[in-house]
Amino acid sequence: MTPADLSRTVLHAVRRAVDEDALRAPVPARVRVERTRPGGSGDYACAVALQLAGPAALPALEVARILRERVAAEPGIERVEITGPGFLSFTLDATAEHHRALLDAVREQGLAYGHGDALRDEILQFHHAREVRAAVTAHAVRRLVISQGARVRISCEEAPDPDWARLGVTVDAHGTPPVPLTGIRPVPAGATAAELLRRLGPDAARWGLLRPAGHDRAALGPELLVQGEANSLFRVRYAHARVRALTRGAALLGFTAEPTPYAERAGHTEPAPYDSAARPLLDLIADHPGVLLAAARHRAPDRAARQLEAVAHAFFDFHDSCPPLPAGDEKPSAAHRARLALAEAAGTVLAGGLSLLGIRAPEHL
């Protein structure tokens, strides 16, 4: 179950409670769930009971109890607890069946995994200064909000720099009444699009402009071109390229990914396909739709970039702990097929996220 699935499940529970007259309150348009903070209970938490307590004329703890009994029996939910003044804390079912459902969803949706329609009713216009970081940020934000269903128009206060097109930037109009995209710290005057393209190329330039939060200084030094672990762009793109190499290697060995772990097949007694290293990667893949939605709502492509870094880091940890390819004389097994399915899901998330930032995901690196 993804955070988006959980949000819909809780919202459905609210509707049921209202329909059954157990709760008399307006049904909210959406329900927000968040990762539980360190030291908290469960995997996710939700404050919807506190939100509804006033309109329902009930204590928040009573609203939480009404909702808990309607959520607890839903598939994918292992446990629902009430904490504090009325927070609902959810522990998700981490069985192989739900891992498989998550990986199946990524496989079916491909690069569109994480896209949604939460912003489908929004028609937006972003207006920005004639400055390269503002232009690149506006373009990335447009991709993000479109991925969540919004319609967007971009305008610039003056005629755009012709070199922006080589950074993948388009502008619909200039000189229109401003609806400013604010909080973007400009780069130094000498860092024009032409200069960045000459020195860094389009991919590294976009990453350098988008990876820091908008109010922070953009890091545009030669470290963006270093082919090493310290370069976050290299690490993300290398993780994607490594996944593609695993898929090619598996094909040469005569097997493909299969998200159904061996344990669900009669007669198989091999070691488990995953160990504890898989959980962080599975969690990050499940969180990806929520991260993209938050990045769109907050106009913050840096959130998407940080998510990709986290996925790449968790992928390498998983890869080293649970090799997706057999070694030496070892024969391909169901465990290898399951591990490859998780690796390929990570690669899909990385490729889709890079695409939203306007950055290529190479097959070879």
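Further up the page is the structure itself.
Residues numbered from 1 in each chain as written. Predicted model: local features only at pLDDT ≥ 70, side-chain atom pairs only at ≥ 80, totals over all residues. Heavy atoms only, no water.

Participant: How would you summarise helix H7 (residues 232-252) if you had to cite specific residues and measurements?
Facilitator: The end-to-end C-alpha distance of H7, which contains 21 residues, comes to 30 Å, matching closely the 30 Å that a straight helix rising 1.5 Å per residue would cover. Within H7, the full set of buried residues consists of Leu 233, Phe 234, Arg 235, Val 236, Arg 237, Ala 239, His 240, Ala 241, Val 243, Leu 246, Gly 249 and Ala 250. One side-chain oxygen of the residue at the start of H7 lies 3.1 Å from the amide nitrogen of Leu 233, identifying that residue as Asn 231. With its phi angle positive at about 85°, Gly 254 sits one or two positions after the end of H7. (Helix = DSSP H or I, 4+ residues; strand = E, 2+ residues; numbered from the N terminus. Expected span 1.5 Å × (residues − 1). Buried < 20%, exposed > 50% of the residue type's maximum accessible area, 1.4 Å probe, protein only. Polar contact = N/O pair within 3.5 Å; in protein donor to acceptor, adjacent residues only side chain to side chain.)

Participant: How would you explain the side chain of Arg 206 if you had to name every residue and give the values?
Facilitator: Mapped onto the elements of the fold, Arg 206 is located in helix H6 (residues 193-210). Notably, Arg 206 is buried but unbridged: the nearest opposite-charge side chain belongs to Asp 203, and the N-O separation is 6.5 Å. Within the local environment of Arg 206, its side chain forms a polar contact with the backbone oxygen of Gly 358, the two atoms lying 3.5 Å apart. Setting aside chain neighbours within four positions, we find Arg 206 in contact with Val 136, His 139, Ala 140, Leu 167, Gly 168, Val 169, Leu 357, Gly 358 and Ile 359. (Lys, Arg positive; Asp, Glu negative; His and termini not counted. Salt bridge = Lys/Arg side-chain N within 4 Å of Asp/Glu carboxyl O. Contact = heavy atoms within 4.5 Å.)

Participant: Go over the packing of helix H8 (residues 278-297) against helix H9 (residues 301-321) with me, naming the residues and quoting the values.
Facilitator: Viewed as axis vectors pointing N to C, H8 and H9 meet at an angle of 170°, and their least axial separation amounts to 9 Å. Comparing their axes, H9 and H8 come out roughly antiparallel. Taken together, the residues of H9 that come into contact with H8 (itself represented by Ala 278, Pro 280, Leu 281, Leu 284, Asp 287, His 288, Val 291, Leu 292, Ala 294 and Ala 295) are Arg 303, Ala 304, Gln 307, Ala 310, Val 311, Ala 314, Phe 315 and Phe 318. (Axes fitted to C-alpha atoms, helices over the stretch in contact; angles between N-to-C directions. Parallel < 35°, antiparallel > 145°, perpendicular 65-115°, else oblique.)

Participant: I'd like to hear about the nonpolar core, residue by residue, with values.
Facilitator: One finds Val 132, Val 145, Trp 207, Leu 281, Ile 285 and Phe 315 to be the most contacted residues of the largest nonpolar core, which totals 79 residues. With residues near it in sequence (within four places) discarded, Val 145 still touches Leu 119, Leu 124, Phe 126, Ala 150, Val 152, Ala 296 and Arg 299. In terms of nonpolar packing, the next biggest core, distinct from the first, is built from 26 residues, Leu 6, Ala 13, Cys 46 and Leu 92 among them. (Core = buried A, V, L, I, M, F, W, Y, C linked by side-chain atoms within 4.5 Å.)

Participant: Any details on the sheet that holds strand S1 (residues 33-35)? Residues and values, ideally.
Facilitator: Ordered by their spatial adjacency, four strands build an open sheet running S1-S2-S4-S3, and the pairing between neighbours is antiparallel. Sheet topology places S1 and strand S3 (77-83) at the edges, where each strand pairs with a single neighbour. Neighbour-to-neighbour, the strand axes of this sheet turn through a mean angle of 30°, independent of strand direction. Across three bridges, the pairing between strand S2 (residues 44-46) and strand S4 (residues 87-92) is antiparallel. Residue pairing in the sheet places Ala 45 in a bridge with Ser 89 of S4. Against the sheet, helix H3 (residues 60-71) engages S3 and S4, with an angle of about 175° to S3. (Pairing = 2+ DSSP bridges.)

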